[in-house]
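Residue-level listing of the chains:
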Amino acid sequence: MTTSGEICAVVLAAGEGTRLRPLTEHVPKALCPVGNVTLLDRALARVAGLGLTGPDRVAVNACYLGGQVVDRVGSRAHLSVEPGDPLGTAGGIGNLRDWIAGRGVLVGNADAYLADPHAAPGPDIAALFDGWDGETVRLLGQPAPDPREPGTFSGHRFVGFSLLPWQRVRDLPPTFGDLVRTVWRPAEAAGALEVVAFPGTFYDTGTPGDYLAANLHAAGDGNLIDPAATVTGHCERSVVGADAVVAGAVNRSVVWPGATVRPDERLHGVIRAADGLTVTTC
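Definitions and cut-offs
Residues numbered from 1 in each chain as written. Predicted model: local features only at pLDDT ≥ 70, side-chain atom pairs only at ≥ 80, totals over all residues. Heavy atoms only, no water. Pairing = 2+ DSSP bridges. Helix = DSSP H or I, 4+ residues; strand = E, 2+ residues; numbered from the N terminus. Axes fitted to C-alpha atoms, helices over the stretch in contact; angles between N-to-C directions. Salt bridge = Lys/Arg side-chain N within 4 Å of Asp/Glu carboxyl O. Buried < 20%, exposed > 50% of the residue type's maximum accessible area, 1.4 Å probe, protein only. Phe/Tyr/Trp six-rings, centres within 6.5 Å; stacked < 30°, edge-to-face > 60°. Lys NZ or Arg CZ within 6 Å of the ring centre and 35° of its normal. Polar contact = N/O pair within 3.5 Å; in protein donor to acceptor, adjacent residues only side chain to side chain. Contact = heavy atoms within 4.5 Å.

Q: Help me understand the sheet that holds strand E14 (residues 234-236), please; the structure alone is not making it clear to me.
A: Neighbouring strands of a sheet are bound in pairs by backbone hydrogen bonds; such pairs are parallel or else antiparallel. If you trace the 3 strands from one edge of the open sheet to the other, you get E14-E17-E20, paired in parallel fashion. Here the strands that pair on one side only, and so sit at the sheet edges, are E14 and strand E20 (266-268). Geometrically, the sheet is characterised by an average inter-axis angle of 5° between neighbouring strands, direction not taken into account. Where strand E17 (residues 249-251) and E20 come together, 3 bridges link them in parallel fashion. Paired with alanine 249 across the bridge in E20 is arginine 266.

Laid out in structure tokens, this is it:
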């Protein structure tokens, strides 16, 4: 599927990931791996699946540990490095107004894990574009358990991607703000917001529990072990990254690239990072 030439994409990757600490003390949330692929790479692959590639069509913002994000993106996208503190979802878009330059913009949160067994990344969210009038705000959503709960839109929870018309973007200032208050709710009040249902699986990966769940979903019913890992111990429904060493036992856990599980260790339901850092999910 290829989008119209009047569309660009912005992947938001500036956040600190405070709820994932201490995992994000030295690695920005966007570069945390899910299924041995960084969240940022997953987001870029999804927009590429829509025909959006290169620095003319795709931008990534960065702030917290931004140098790592810049290095990871390289020449794949236009980079918007925010000085000081992150500008938020609206400020990050406002900071890119000159680059967006009159186009509609697909905005994706780098920390959104999406998976649809019936469609590849990109085509799985292509319904956002179907019949779009270029004036309505569209949100990707899933039905909320309680459609009246705060933060819902037409009874749906937001699941990581939105489509914004230029007229809703052109006046956003490059100062801190969020899209909920500055764009989505005003559009909803004006009858100019639509929710497009996402039929697959979604995790926002913002907490250790959801981050682990996303990894286990990516692993399926078995293990997902990078070919460059060394596993002499036992793995069950776990994800093991490149250059990791597993000599003990891991069950329903994530072992980050370069991390080690000693022969005497038995890990269950945790994230093991480098330097022996272990984060529980309960």
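Next comes the rest of the account.
Q: Please explain the pattern of salt bridges as it appears in this structure.
A: Proximity of charged atoms lets side chains of opposite charge pair with each other. This model, assessed by the stated rule, comprises 14 salt bridges. Between glutamate 194 and arginine 138 there is a salt bridge, and its shortest N-O distance comes to 2.8 Å. With glutamate 194 in strand E10 (residues 193-197) and arginine 138 in strand E8 (residues 137-143), the pair connects residues that are 56 residues apart, well separated along the chain. Judged by its relative accessible area of 34%, glutamate 194 is partly exposed. Via salt bridges that share partners, Arg262, Asp264, Glu265 and Arg272 belong to a single interconnected network.

Q: Help me out: how do you make sense of the pairing of strand E5 (residues 78-81) in this one?
A: Each regular strand displays side chains that alternate between the two surfaces of the sheet. Note that strand E4 (residues 58-62) and E5 share 4 bridges and pair parallel. Across the sheet, asparagine 61 pairs through a bridge with serine 80, a residue of E5.

Q: So what exactly am I meant to see when it comes to the environment of threonine 38 here?
A: Positionally, threonine 38 belongs in strand E3 (residues 37-38). Put simply, threonine 38 and leucine 193 are 155 residues apart on the chain and 31 Å apart in space, counted from C-alpha to C-alpha.

Q: Would you explain the packing of aromatic side chains in this entry?
A: Ring pairs (aromatic) are described by centroid distance and by the angle formed between their planes. Applying the stated criterion across every chain yields a total of 3 aromatic pairs. Between the aromatic rings of tyrosine 113 and tyrosine 203, the centroid separation amounts to 6.4 Å while the plane-to-plane angle is 35°, which identifies the pairing as tilted. Linking tyrosine 113 in strand E7 (residues 113-115) with tyrosine 203 in strand E11 (residues 201-203), this pair joins segments that are 90 residues apart in sequence. Their ring planes at 55° and their centres at 4.6 Å tell us that phenylalanine 158 and tryptophan 184 sit as a pair that is tilted. Here phenylalanine 158, found in strand E9 (residues 156-164), pairs with tryptophan 184, found in helix H6 (residues 179-189); they are 26 residues apart in sequence, far enough to count as distant. In terms of burial, phenylalanine 158 and tryptophan 184 fall into one category: buried. Put simply, the rings of Phe153, Phe158 and Trp184 touch in pairs and so form one group of aromatic residues. For arginine 103, the ring lying beneath its charged end belongs to tryptophan 99, and the centroid distance is 4.7 Å. It is arginine 185 that lies over the ring of phenylalanine 153; its NZ or CZ is 3.8 Å from the centre.

Q: Any chance you could explain the side chain of asparagine 61 here in plain terms?
A: With respect to the secondary-structure elements, asparagine 61 resides in strand E4. You can call asparagine 61 buried: its relative accessible area is 2%. Looking at asparagine 61, its side chain comes within polar contact range of the main-chain nitrogen of alanine 13, at 2.7 Å. A distance of 2.8 Å separates a polar atom in the side chain of asparagine 61 from a polar atom in the side chain of glutamate 82. Excluding its chain neighbours within four sequence positions, the residues that come into contact with asparagine 61 are Val11, Leu12, Ala13, Ala14, Val69, Ser80, Glu82 and Gly92.

Q: What is the right way to look at the sheet that holds strand E13 (residues 230-231) in this model?
A: If you walk across this open sheet you meet the 3 strands as E13-E16-E19, and the pairing is parallel. Across the chains shown, the open sheet's two edge strands, defined by having one partner strand only, are E13 and strand E19 (260-261). The pairing of E13 with strand E16 (residues 245-246) spans 2 bridges and is classified as parallel. Within the sheet, the bridge partner assigned to threonine 230 lies in E16 and is valine 245.

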